[in-house]
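Notes for the structure review
So the chains spell out like this:
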Amino acid sequence: MDMHLKNLFARFHEQFGSGPGLGPGSGTCLLKVEGISPPFIKSLYRAAAALYRTNPWRRLCPVHLFGVRVGKDSDWSGKKQPFPCIQFIGGDGGDLGFHMFRSANDAKRMTGSRETIRVPNVEVFRVTYELESLMFPSNKKVVKSFALEVSGTDRFPVIDVAHCNSSGGLQFRNPSLEELRFVYAVMRAISLVHPLLQQDDDACPKWSRVMKFEPFIETVDAQWPPEMAKGSDLVAVTVSHPPGQGYQEKASSTASSTPTKHTDPPRDENFMDLQLSYYSVGLRKCVMCEREVHGQQSLTCDQCRAVSYCSALCQKQHWKETHNTLCGLYKGMMEREEELEVKIFIFPCSADLPCKWLEALGIHQKGMWRRKCSCFSNCPFGLLPAKDGLWDSWGGLDDDEYPVDSPLTVGFLSPILLSGWLEYYNLRSLPLSSPVSDILSHPLTLYYILTSLSISTKNRLLNGKEVVLHYLGPEGELDWMPAFAEIGHLLNGTGNIQIVMVGPGVPMNLSGTTLGISNRVRVNLVSGLYQEEAAYLSSPHVIVGLNCRLETYASWVDALHLIKSMGVPAFFTDQSEISCANAKQVLQSAGLNVTQPVTPNPFRSPVRNHGPCNNLPSYSNGFLFGVNT
């Protein structure tokens, strides 16, 4: 298929002398980049469109410079980052886009109040959003023939590398494949990061039209497209303002962990002014005797800080029995606590006391939130009395604080690929004070698996076909059906999904029912153990278990043997890296090997609960891995 597309692209180029990604009048063409494939060109356009939707030009202009660092220096030729400095252009007039420079010094020499100043013999990587009405006829044909994603409603990115010669004229060249990989990761990351900038009101006069920002540094994980992934699907991207803002690399960081951290603690203004001290110093259970003890009076292991005790006697006994073999593992997990925390939200993100947390948000015992505490534990899953209307389902949140039940019209018909919460919130125009991510973690994790991790299901959806998904062990999700309707909207007019929810948590009086929660998503409910019911179900294209706790229930063993014999791709999530490590042992005992590394789930719930050892970071759907993939 790739060769077919490339041949068609080549014929367009031969006929019209241009192709996708041209700089205006530059004569460059992405298809002339050695080693590039049409799927990666599509990914570039998709990443550019995702950045455009976040509208960075609303606040940013050429005087704002950012440093960018993608992965490690050793990942790039010459062990040097290709274009580690970026500026946005067109924020106060002119064409919208951004320029990238070889160094911060080049950027400062070329920074003007409105556009980039031409400096001889300095290369600039350019991405400019061109109006469709101004595009070459050949470009329009190529874009429409291959459904390259539109930015906004009428713009497409043009990409090239330019430099000014000594006489002041511009010369252009095609970017290299390595440079395109670099800018792809930057586009994915900057769309997540730039909304986090905090305005510095004291940095400029009141009459100034130029907004100033406080010093800033943030690291996020960007998703490589499948055709470009090299060993890992994720890459850590650090964005800093100003470019010289320092960061430190942890000596203990691994290839899969985020290498950079804040040099300064986050500002208190990033969080709601609520009294949440009871989350950090409330009651703890002694990991040895399970006696409840106040947080300020408890003892904590000095090495890992992950476990708490009521007395020194329990601490010594626990060390002799088990903790001496697990302390190092817990310590490694605790070192990643800051990295794994979802920091973008401005609602309280700790739920050790869920009733108080929900009360603070004004949604306790309301709508779908009733399954977030134990107040309705006497009511079977799926049978909570519900009122009609999305407003009631979301507990009476303000109208702009939850996703509306309406289709998304974003570019051409194609599933909308998402890389994390900030991109989704921007897409749905939700404020970061909205807690809906805690419930949406389940349906969006499902959607992320179908469109980003499982190639077979992604291709079926792109071709307008139906995907059958077996969803194992549902519980609270049975009362969150309005949230699962969001999957249908994100499909953006392509494909259908049949979700078969199977598990002992499904009430018998609901077993066999079908819920048409949207015109593209339907849910079938089946009560019973998967290994006993699977023979009567339609064959799945993928199997999913969220927060599955494989090591907790013995009934999982037979289900895993069945999954192995079926050979169907399966994906699981759990709350912590520790529980995932235990799950791997269960899988191996069933003869299954984890074929996808355990990675942080970009759509894990931001609401943290303390893990089974009191202090370990524990998030709903926190970590994700696959088997048979």
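Throughout this document, residue positions are counted from 1 along each chain, in the order its sequence is written. The predicted nature of this model means local features are confined to residues of pLDDT at least 70 and side-chain atom pairs, given and counted, to a pLDDT of 80 or more, with totals for whole chains, interfaces and linings taken over all residues. Excluding hydrogens and water, the side-chain figures rest on all heavy atoms present in the structure.

1. Remarks on the sheet that holds strand β16 (residues 521-527)
- Strands sit in the order β15-β16-β14-β13-β17-β18-β22-β19 across an open sheet of eight strands; the sheet is mixed. A strand with exactly one partner marks an edge of an open sheet, and here the two such strands are β15 (514-515) and β19 (594-600).
- Sheet contacts for helix α17 (residues 577-589): β18 (570-574), β19 and β22 (623-627); angle to β22, the most-contacted strand, approximately 15 degrees. Should DSSP find at least two bridges between two strands, the strands are taken to pair. Put simply, DSSP marks the helices as runs of H or I at least four residues long and the strands as runs of E at least two long, and each gets a number from the N terminus on. We call two residues in contact when some of their heavy atoms are within 4.5 Å. Interaxial angle, 0 to 180 degrees, is taken between N-to-C directions of lines fitted to C-alpha atoms, where a helix line uses only the stretch in contact.

2. Some words on the pairing of strand β4 (residues 123-131)
- To sort residues, take the accessible area from a 1.4 Å probe on protein chains only and compare it with the maximum for the residue type: under 20% means buried, over 50% means exposed, and anything in between is partly exposed. Of all the nine residues making up β4, seven are buried; the element is thus mostly covered by neighbouring parts of the structure.
- By the bridge criterion, five bridges tie strand β3 (residues 97-101) to β4 in an arrangement that is antiparallel. Its bridge partner being in β4, Met100 is matched across the sheet by Phe125.
- Direction of pairing for β4 relative to strand β5 (residues 155-164): antiparallel, over a ladder of nine bridges. Residue Arg126 lies in a different strand from β5, and its bridge partner there is Asp160.

3. Observations regarding the nonpolar core
- Nonpolar cores are built from buried Ala, Val, Leu, Ile, Met, Phe, Trp, Tyr and Cys residues. Side-chain atoms within 4.5 Å join them into one set. If you look at the biggest cluster of nonpolar residues, it comprises 121 residues, and the most contacted ones within it are Met100, Trp394, Trp421, Tyr424, Phe484 and Ile499.
- The leading source of residues in this core is helix α5 (residues 177-193), at eleven residues.
- Among all residues touching Met100, those that are not within four sequence positions of it are Val68, Phe83, Cys85, Ile86, Glu123, Val124, Phe125, Phe182, Val183 and Val186.
- Core analysis: the next-biggest nonpolar cluster, separate from the first, contains 43 residues, Val293, Ile563, Val568 and Phe625 among them.

4. Considering the pairing of β16
- The buried fraction of β16 amounts to six of the seven residues, a majority that puts the element mostly inside the structure.
- Pairing of strand β14 (residues 496-503) with β16, which is carried by seven bridges, proceeds in the parallel orientation. Residue pairing for β16: Val500 is matched across the bridge by Asn524.
- Direction of pairing for β15 relative to β16: antiparallel, over a ladder of two bridges. Bridge assignment links Thr514 to a residue of β16, and that residue is Asn524.

5. Observations regarding the packing of aromatic side chains
- Between 30 and 60 degrees the pair is tilted, below 30 it is stacked and above 60 it is edge-to-face, where a pair is any two Phe, Tyr or Trp rings, Trp via its six-membered ring, whose centres lie within 6.5 Å. One pass over the full model with this rule turns up 23 aromatic pairs.
- An angle of 50 degrees between the planes, with centres 6.5 Å apart, marks the rings of Tyr45 and Phe156 as tilted. Taken together, the residues Tyr45 in helix α2 (residues 38-53) and Phe156 in strand β5 connect sequence positions 111 residues apart.
- By relative accessible area, Tyr45 is classed as buried at 1%.
- Here Phe156 falls in the buried class, since its relative accessible area comes to 3%.
- An angle of 75 degrees between the planes, with centres 6.3 Å apart, marks the rings of Trp421 and Tyr424 as edge-to-face. Taken as a pair, Trp421 and Tyr424 lie in helix α11 (residues 421-427) at a separation of three residues, close to a single helical turn.
- When its relative accessible area of 0% is taken as the criterion, Tyr424 is described as buried.
- Here the aromatic cluster, defined as three or more aromatic residues joined through ring pairs, consists of Phe345, Phe347, Trp421, Tyr424, Tyr425, Tyr448 and Phe603.
- Cation over ring: Arg181 sits above Trp224, and NZ or CZ is 4.3 Å from the ring centre.
- Across from the ring centre of Phe376, 5.6 Å away, lies the NZ or CZ of Arg370, which sits over that ring. Ring-over charges, as used throughout, are those where CZ of Arg or NZ of Lys falls within 6 Å of the ring centre and within 35 degrees of the ring normal.

6. So, unusual backbone geometry
- Of note, the amide linkage connecting His241 to Pro242 takes the cis form, showing an omega dihedral of -5 degrees.
- Inspection of the secondary structure puts Pro242 in the loop between β8 (234-241) and α6 (277-281).
- Positive phi, normally seen in glycine, also occurs at Lys79, with a value near 50 degrees.
- In this fold, Lys79 is placed in the loop between β1 (65-70) and β2 (85-89).

7. What about the pattern of salt bridges?
- Between Lys or Arg on one side and Asp or Glu on the other, a salt bridge is scored when a side-chain nitrogen of the former is within 4 Å of a carboxyl oxygen of the latter. Here the structure, examined in full by the defined rule, presents 14 salt bridges.
- Glu123 is the partner of Arg173 in a salt bridge, and the nearest nitrogen-oxygen pair spans 2.8 Å. Highlighted residues: Arg173 in strand β6 (residues 170-173) and Glu123 in strand β4, separated in sequence by 50 residues.
- In this structure, the salt-bridge partner of Arg522 is Glu466, at a minimum N-O distance of 2.8 Å. Taken together, the residues span a long stretch of sequence, with Arg522 in strand β16 and Glu466 in strand β13 (residues 466-472) at a distance of 56 residues.
- A cluster of three or more residues bridged by salt bridges with shared partners is formed by Arg46, Arg53, Glu149, Arg188 and Glu423.

As far as function goes, none of this settles anything; it's purely spatial.
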